[in-house]
Amino acid sequence: MSPRLPTPAPVQLAPLGNRIASRRRQVAERPTALHVVEPEEQTPAEPVIAPVDDTPPAAAPEAASQLVGTQPEAPDLPTVGESPATAQAEPVPTPAAKPAQVTRSDQSDGGSTRITFAVPPRCIEKLRRLARQANMTHADVLVTELARLSKTATVQPEPEPATVGEFELTASTPREPLANVGIRLTARNLAAMDSLCERLGLANRSALVAKALA
Amino acid sequence: MTQVVAVATGKGGVGKSSVTSAIAGVYAADGLKVAVIELDAQGDIADDFGVRDHPDQDEGTAVASSVKSGTPLGAGILARPNLTYFAGGEALEELARTPGWTGLDSKLRAAIDQLDGYDIVLIDTPPSAEALQQVSLAAAQYLLIPTAVDNSSLRALYAISYRMVDVEQVNPDIAFLGVVLWNVPTAASRIRSEARATLNEILGDVVPLLDTTIRSAFATAYECRRRGMLPQEMADTHSGAQSFWKALKAGIVPDRTPTSAQSLAGDYHQLAAEILERLKVSR
């Protein structure tokens, strides 16, 4: 006769109040990430809403080193933009994108690259507010602010009709979701950002974005 | 002032649509002006109200448009006197499956604000579409959670509570209206009392457990949805019906109205009254 397995005790469910309190803490600590999808080869004709990841609340310390973007220098950025690698590891098809336009984390697939800028929450708020006020995409608001910053840094040549300084605008309506700001920048705009970073002596693009939206 | 109540939980088949349609019917019959907005792509409430083939049935098109862009909900379907139904349906599928869309910037609230003269707006919420749950909660003042007694259903309370915390940043005033036990067999008194004790333990003083329990009445629920009748209407049919054997003797094919209709209708009436009382207290 085989021995009987012990009868399991009834499953105990945790108090809801504890779970809610824990969730509130998670939400409060959740970083606000500004994702940028960087085209590698070609410039998309139309800006596309980048996929938005439900960024997990806490980033593992080792995950930070895997970010494509880096941390800004501003001292008041304890959590913002510390998007862990898990948020980038799962490529999600862009809703409005063509089938070939998918994001990836750190490997080139001939498509695009996701970069996470780390910026203070107030910068995200400003980005959203300006987009609402001007009825522009978050991407266009960002490049407009970058162009403004660029002009204050050095004297720029007369802008071409379709450009704002050295940045080009490509859309006119705020189509990006508001919970997380996912935007797509052209290769030209990203190159201009790098140039501006160098000119302003900033460590990285995140610092530049934070400065532009400060 | 219009009271907006989201009826939601994280699990399907625990009475969201049934509770929504039944209490809407009670309120409308009592003279309150009620709107039911269905965010579920399955659109079950159309069956509950018997309006599946109504000419204005748009399978969720107007509701989806309101959710996406805040456009007015339109006229809806006058499902009963005082009761307007804004249908769910396949048009909501796309929203339910859109990856990355959080729904936190709910436009539905703006659409509800444009509704004129309603006392109560009930939003029936799908169980698994997180973004539509957020839309619903972002638009509501209160959350009513129906649940069955099993652990799986009880665990679903966590999921919907998380959604509620998530929307607090855009809708800080949302509050728990309560949890209602649904589909509990009347004979299973031990299970009922154990379930209430367990629920009280889980909910603590964070969420009230409503006094009313909705009994399990499969035949009535089945017939209601099949005939497009609300429990109270089914009960009224039953009370006017001849006795089964008398009808047979008289050579009439008897109407097989379930005998549990009156009891179930009584439960929903009690629940509607309890909810109304809580809304008044909260107000």
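Residues numbered from 1 in each chain as written. Chains lettered and ligands numbered in written order. Predicted model: local features only at pLDDT ≥ 70, side-chain atom pairs only at ≥ 80, totals over all residues. Heavy atoms only, no water.

Draft legend 1. The arrangement of the overall build of chain B in detail. From N to C terminus, chain B includes 12 helices and eight strands. For chain B, long-range pairs separated by at least 24 residues make up 80% of all intrachain contacts whose partners lie at least 6 apart in sequence. For chain B, the accessible area works out to roughly 11700 Å², and carbon and sulfur atoms hold 50% of it. (Helix = DSSP H or I, 4+ residues; strand = E, 2+ residues; numbered from the N terminus. Contact = heavy atoms within 4.5 Å. Areas by Shrake-Rupley, 256 points an atom, 1.4 Å probe, with all protein chains shown as cover.)

Draft legend 2. The arrangement of the confidence of the model for chain B in detail. Looking at chain B, the pLDDT average stands at 91 and 94% of residues meet or exceed 70. The ipTM assigned to the predicted complex is 0.84, against a pTM of 0.64. (pLDDT = per-residue confidence, 0-100.)

Draft legend 3. Fine view of the packing of helix 6 (residues 130-139) of chain B against helix 7 (residues 151-167) of chain B. Residues and elements named next belong to chain B. Axis separation between helix 6 and helix 7 bottoms out at 9 Å; the angle between their running directions is 60 degrees. What the angle tells us is that helix 6 and helix 7 run oblique. Once helix 6 is placed against helix 7, the crossing between them reads as right-handed. Note on element contacts: helix 7 touches helix 6 through Ile160, Arg163, Met164, Asp166 and Val167, opposite Glu130, Gln133, Gln134, Leu137 and Ala138. By residue class, the composition of the contact of helix 6 with helix 7 is five nonpolar, two polar and three charged. (Axes fitted to C-alpha atoms, helices over the stretch in contact; angles between N-to-C directions. Parallel < 35°, antiparallel > 145°, perpendicular 65-115°, else oblique. Left-handed = near helix turned anticlockwise from the far one by under 90°. Nonpolar A, V, L, I, M, F, W, Y, C, P; charged D, E, K, R; others polar.)

Draft legend 4. A look at the packing of aromatic side chains. Residue and element names in this part refer to chain B. Scanning all chains against the criterion turns up two aromatic pairs over all chains. A ring pair is formed by Phe49 and Tyr85, whose centres lie 5.4 Å apart and whose planes are at 75 degrees; its orientation type is edge-to-face. With Phe49 in helix 2 (residues 45-49) and Tyr85 in strand 4 (residues 83-86), this residue pair connects regions lying 36 residues apart in the sequence. Both residues of the pair, Phe49 and Tyr85, count as buried. Summarising the aromatic geometry, the rings of Phe218 and Tyr222 are spaced 6.1 Å apart at their centres and angled 20 degrees between planes, so their arrangement reads as stacked. Residue Phe218 and its partner Tyr222 are both found in helix 9 (residues 218-227); the two are separated by four residues, about one turn of the helix. (Phe/Tyr/Trp six-rings, centres within 6.5 Å; stacked < 30°, edge-to-face > 60°. Buried < 20%, exposed > 50% of the residue type's maximum accessible area, 1.4 Å probe, protein only.)

Draft legend 5. Quick look at the pattern of salt bridges. For the structure shown, the criterion picks out 18 salt bridges over all chains. A salt bridge links A:Asp194 to A:Arg205; its shortest N-O distance comes to 2.7 Å. You can see A:Asp194 sitting in helix 6 (residues 187-200) and its partner A:Arg205 sitting in helix 7 (residues 205-212), a full 11 residues away along the chain. In this structure, the salt-bridge partner of B:Asp113 is B:Arg109, at a minimum N-O distance of 3.5 Å. Taken together, the residues span about one helical turn, with B:Asp113 and B:Arg109 both in helix 5 (residues 108-113) at a distance of four residues. The exposure class assigned to B:Arg109 is partly exposed, which follows from its relative accessible area of 25%. In the salt-bridge network here, residues are joined through shared partners; they are A:Arg23, B:Glu130, B:Arg163 and B:Asp166. (Salt bridge = Lys/Arg side-chain N within 4 Å of Asp/Glu carboxyl O.)

Draft legend 6. Structural view of helix 7 of chain A. Most of helix 7 of chain A is tucked away: seven of the eight residues are buried. Restricting attention to buried positions, one finds in helix 7 of chain A the residues A:Arg205, A:Ser206, A:Ala207, A:Leu208, A:Val209, A:Ala210 and A:Ala212.

Draft legend 7. Region of the structure containing the pairing of strand 5 (residues 120-124) of chain B. All names here are of chain B. For strand 5, the buried fraction is high: five of the five residues fall into the buried class. Residues Ile120, Leu122 and Asp124 point to one face of strand 5 and Val121 and Ile123 to the other, with burial holding for every one of them. Of the strand pairs in this sheet, strand 1 (residues 3-7) and strand 5 are connected by five bridges, and their pairing is parallel. Looking at the pairing, Gln3 lines up with Ile120 of strand 5. Here five bridges tie strand 2 (residues 34-38) to strand 5, and the two strands are oriented parallel to one another. Considered in strand 5, the bridge of Val34 is made with Ile120. (Pairing = 2+ DSSP bridges.)

Draft legend 8. Local environment of the sheet that holds strand 4 of chain B. Residue and element names in this part refer to chain B. Pairing is mixed in the open sheet, where eight strands are placed in the order 3-4-2-5-1-6-7-8. The strands lining the two open edges of the sheet, one partner per strand, are strand 3 (77-80) and strand 8 (209-215). Taking each pair of neighbouring strands and ignoring which way they run, the sheet shows an average axis angle of 25 degrees. Packing against the sheet, helix 7 makes contact with strand 6 (142-147) and strand 7 (175-184), and its axis sits at approximately 165 degrees to strand 6.

Draft legend 9. Just the pairing of strand 3 of chain B, in detail. Residues and elements named next belong to chain B. Of the pairings in the sheet, the one linking strand 3 to strand 4 comprises three bridges and is antiparallel in character. For Ile77, the partnering residue across the bridge sits in strand 4 and is Tyr85. The turn joining strand 3 and strand 4, which pair antiparallel and follow one another in sequence, is formed by two residues; a positive phi near 70 degrees is taken by Asn82.

Draft legend 10. Structural view of the packing of helix 7 of chain B against helix 8 (residues 189-203) of chain B. Residue and element names in this part refer to chain B. Closest axis-to-axis distance for the helix 7/helix 8 pair is 11 Å, and the angle between their directions is 20 degrees. In this view, helix 7 runs roughly parallel relative to helix 8, as classed from their interaxial angle. Where helix 7 crosses over helix 8, the two elements pack in a sense that is right-handed. Contacts between helix 7 and helix 8 involve Leu154, Leu157 and Tyr158 on the former and, on the latter, Thr198, Leu199, Ile202 and Leu203.

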